[in-house]
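Letter by letter, the chains look like this.
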Amino acid sequence: MLNIHIGYDGDEIVAYHTLCQSILETASQPVRLTPINLRNLTSVFTRPRDGLQSTEFSLSRFLTPWLSDYQGWSLFMDCDMLVRADLAELFALADPTKAVMVCQHAYEPRDAVKFLGHVQSRYAKKNWSSVMLFNNALCRALTPDYVNTASGLELHQFKWLEDDGLIGALPLAWNWLVGEYPFNAEARIAHFTRGGPYFPAYRDADYADEWRAARDRTLSVGKG
């Protein structure tokens, strides 16, 4: 079973469901899809949202190990993505000596503002936390109390680990930043980090036609 947690945001509902469809269509193993939805977490996640958080799940994503009972491996993904390959291949890259595995981007965002007018924050390890493969047993520092009180930078820069040596590296193709990186036919996950094709301003983004096709299949009825 591939244990996958996906950020859910009321401004990007169609993105969540289309991502789920793309996972179901490409996975070679059974998957368990869990939304990180604040409405379902009111008794656990209590911190207010601030102006630097561009999504509802900006910080609640770090509850993934707790939601997994600190057992096994769990994948967290932002919702503004399209899976183009079998996620079993990603799980196969899990290194038991690492606490978390991420695509270790080294870039400066092109824009100061992204979708819906949200500020494009700049900080070290930017976008590393948008795809995280957690070795849950080694992430026990991520308790609900810690996630509710730690700063955003402490969370996104992995300050909850003893040292950066516990952060494993995944190939960038598993979190290909659309609009920041050039088109890549071999991208395994297309990440619409600047804005998804469901927003008019980004309807011509790379991989947009693939995303719309997956959305249409999500909405289909009758014979497949």
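Structure first, text after, so check above.
Residues numbered from 1 in each chain as written. Predicted model: local features only at pLDDT ≥ 70, side-chain atom pairs only at ≥ 80, totals over all residues. Heavy atoms only, no water.

Student: Please clarify how the pattern of salt bridges should be interpreted in this entry.
Tutor: For side chains of opposite charge, pairing can occur when their charged atoms come near one another. A full pass over the atoms with the stated rule returns 7 salt bridges. Residue R61 is joined to D78 by a salt bridge in which the shortest nitrogen-to-oxygen separation is 2.8 Å. In this pair, R61 sits in the loop between β2 (31–36) and α2 (64–67) while D78 sits in the loop between β3 (73–77) and β4 (81–83), placing the two residues 17 residues apart along the sequence. Taken individually, R61 and D78 each receive the classification buried, so the pair is uniform in this respect. Here R84 ties to E210 by a salt bridge, and the two come within 2.8 Å at their closest N and O atoms. Taken as a pair, R84 in the loop between β4 and α3 (87–91) and E210 in helix α6 (residues 208–218) lie far apart in primary sequence, 126 residues in all. On the accessibility criterion, E210 (33% relative accessible area) is partly exposed. (Salt bridge = Lys/Arg side-chain N within 4 Å of Asp/Glu carboxyl O. Helix = DSSP H or I, 4+ residues; strand = E, 2+ residues; numbered from the N terminus. Buried < 20%, exposed > 50% of the residue type's maximum accessible area, 1.4 Å probe, protein only.)

Student: Looking at this model, I keep getting lost on the environment of R47. Mind explaining?
Tutor: In this fold, R47 is placed in the loop between β2 and α2. Separated by 100 residues in the primary sequence, R47 and V147 place their C-alpha atoms 8.8 Å from one another. Beyond its immediate chain neighbours, meaning those up to four positions away, R47 contacts L59, V147, N148, T149, A150, S151 and L155. Engagement of the side chain of R47 in a polar contact is seen with the backbone oxygen of V147, the distance being 2.8 Å. (Contact = heavy atoms within 4.5 Å. Polar contact = N/O pair within 3.5 Å; in protein donor to acceptor, adjacent residues only side chain to side chain.)

Student: Can you help me understand the sheet that holds β2 in this one?
Tutor: Whether parallel or antiparallel, the strands of a sheet pair through hydrogen bonds between backbone atoms. Judged by pairing direction, the sheet is mixed, and its 6 strands sit side by side in the order β2-β1-β3-β6-β5-β7 without closing on themselves. Of all the strands in the sheet, the pair left with one neighbour each is β2 and β7 (167–170). Between one strand and the next, the sheet's axes are offset by a mean angle of 25°, whatever the strand orientation. Where strand β1 (residues 2–7) and β2 come together, 6 bridges link them in parallel fashion. Bridge pairing in β2 places L2 opposite V31. Against the sheet, helix α1 (residues 13–26) makes contact with β1, β2 and β3, and its axis sits at roughly 165° relative to β2, the strand it touches most. (Pairing = 2+ DSSP bridges. Axes fitted to C-alpha atoms, helices over the stretch in contact; angles between N-to-C directions.)

By themselves, these observations are geometric and do not establish any function.
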